[in-house]
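# Summary of structural features
Each chain is listed here by its residues.
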Amino acid sequence: MSTIKVVTYNIRNQWIGDGINGFIHREGMAVAKIKKELPDVICIQEGKPEIISALKNGLPEYTFIFNGRNADFGGEGLCVAFRNATMELCGLDCFWHSKTPYVPESKDAESGCPRICQRAMLKHIESKKLFTFYNVHLDYLTPEIRLVQTKELFERIVEADERYKTPFFVLGDFNAKPHEETIDYFNNKAPLKMTDLTDEFEFTFHGYGNFTNAHKIDYIYYHTNDKYSYTAELWDDEIDGIYLSDHYPVCVNIEF
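My aim in this report is to walk through the structure given alongside it, one point at a time. (Residues numbered from 1 in each chain as written. Predicted model: local features only at pLDDT ≥ 70, side-chain atom pairs only at ≥ 80, totals over all residues. Heavy atoms only, no water.)

## Some remarks on the sheet that holds strand β14 (residues 250-255)
Pairing is mixed in the open sheet, where 6 strands are placed in the order β3-β4-β2-β1-β14-β11. Taken across any chain shown, the strands that pair with only one partner, and hence form the sheet edges, are β3 (62-68) and β11 (229-234). Across the sheet, the axes of successive neighbouring strands diverge by a mean angle of 15 degrees, strand direction being ignored. Pairing between β11 and β14: 6 bridges, direction antiparallel. Paired with serine 229 across the strands is glutamate 255, a residue of β14. (Pairing = 2+ DSSP bridges. Helix = DSSP H or I, 4+ residues; strand = E, 2+ residues; numbered from the N terminus. Axes fitted to C-alpha atoms, helices over the stretch in contact; angles between N-to-C directions.)

This is the structure we're talking about:
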């Protein structure tokens, strides 16, 4: 049996109002946690070039692939990081959640800002098994636009699945609570059967310990026809009021 450890991590952009939880105060904690846990793949949301650069400097054992959502691939965006000792990059794509997914900075009219998806195909070096990862951060404005983006996403997923037939993960910050149509689509209506590996968690967003407003919006979904088992956990570290982010990173261990 082989094991792969996968994390989704909304790392929280730089905001002055975050006080002691500004990224400059969380940076060392994040690097130390990753060094301790050694996930094979980390899908990061709310990345910015300076944040990803800091992680790169502290984690040379990982390769970081960042895509900003702006037309020049800069600005806020997504990052897939993989551990060089265990994973190998075989394919990479970035597209926008829109009716023109390969037009940079395109978006559907209702979306608050352009949104992207990173697709990375990675080979598990020990087993030679291929996995595909869809790193997503859906829009925050309305349930309706999130559902539109989800359906657009699955158009790309189905196209890729017809070609490659790899097990795949769809993971990230969906900005959707469990009762929303987006989550019902993943659970019951998606064209490929999806399993929520995070269904045991009541919340993932906590606003730096503001648990009265905590809710679940971060997910790891998985599709495969192979047999597997898994465990899931939240990275809920806190030191003197400082957290890894305003979201708990979510980690799954897949045994296959």
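## With respect to the side chain of threonine 224
Relative to the helices and strands, threonine 224 is located in the loop between β10 (218-223) and β11. Using a relative accessible area of 18% as the deciding quantity, one classes threonine 224 as buried. Reaching out from threonine 224, the side chain makes a polar contact with the backbone nitrogen of aspartate 226 at a distance of 3.1 Å. (Buried < 20%, exposed > 50% of the residue type's maximum accessible area, 1.4 Å probe, protein only. Polar contact = N/O pair within 3.5 Å; in protein donor to acceptor, adjacent residues only side chain to side chain.)

## As for the nonpolar core
Judged by nonpolar contacts, the single largest core of 27 residues is most densely connected at Ile4, Val41, Phe133, Phe169 and Ile254. Here this core gets 3 residues from one element, more than from any other, and that element is β14. Counting 23 residues, the second-largest nonpolar core is a separate cluster that includes Phe23, Met29, Ile51 and Ala81. (Core = buried A, V, L, I, M, F, W, Y, C linked by side-chain atoms within 4.5 Å.)

## Observations concerning unusual backbone geometry
Phi is positive for glutamate 105, close to 65 degrees, though the residue is something other than glycine. With respect to the helices, strands and loops of the structure, glutamate 105 is situated in the loop between β5 (87-96) and β6 (116-124). Within the chain, lysine 128 stands out as a residue other than glycine whose phi angle is a positive 70 degrees. Position of lysine 128 relative to the elements: it lies in the loop between β6 and β7 (129-137). You can call lysine 128 exposed: its relative accessible area is 57%.

## Notes on the pattern of salt bridges
Applying the stated criterion to the full structure yields 17 salt bridges. A salt bridge links aspartate 18 to arginine 12; the shortest N-O distance between them is 2.8 Å. On the accessibility criterion, aspartate 18 (10% relative accessible area) is buried. Glutamate 180 is the salt-bridge partner of arginine 146, the closest N and O atoms lying 3.1 Å from each other. In this pair, arginine 146 sits in helix α3 (residues 143-164) while glutamate 180 sits in the loop between β8 (168-173) and α4 (181-189), placing the two residues 34 residues apart along the sequence. A residue is classified by how much of its surface remains accessible, and arginine 146, at 5% relative accessible area, is buried. Exposure remark for glutamate 180: the relative accessible area of 9% places this residue in the buried category. Residues joined in a network through salt bridges with shared partners are Lys5, Lys33, Glu37 and Asp237. (Salt bridge = Lys/Arg side-chain N within 4 Å of Asp/Glu carboxyl O.)

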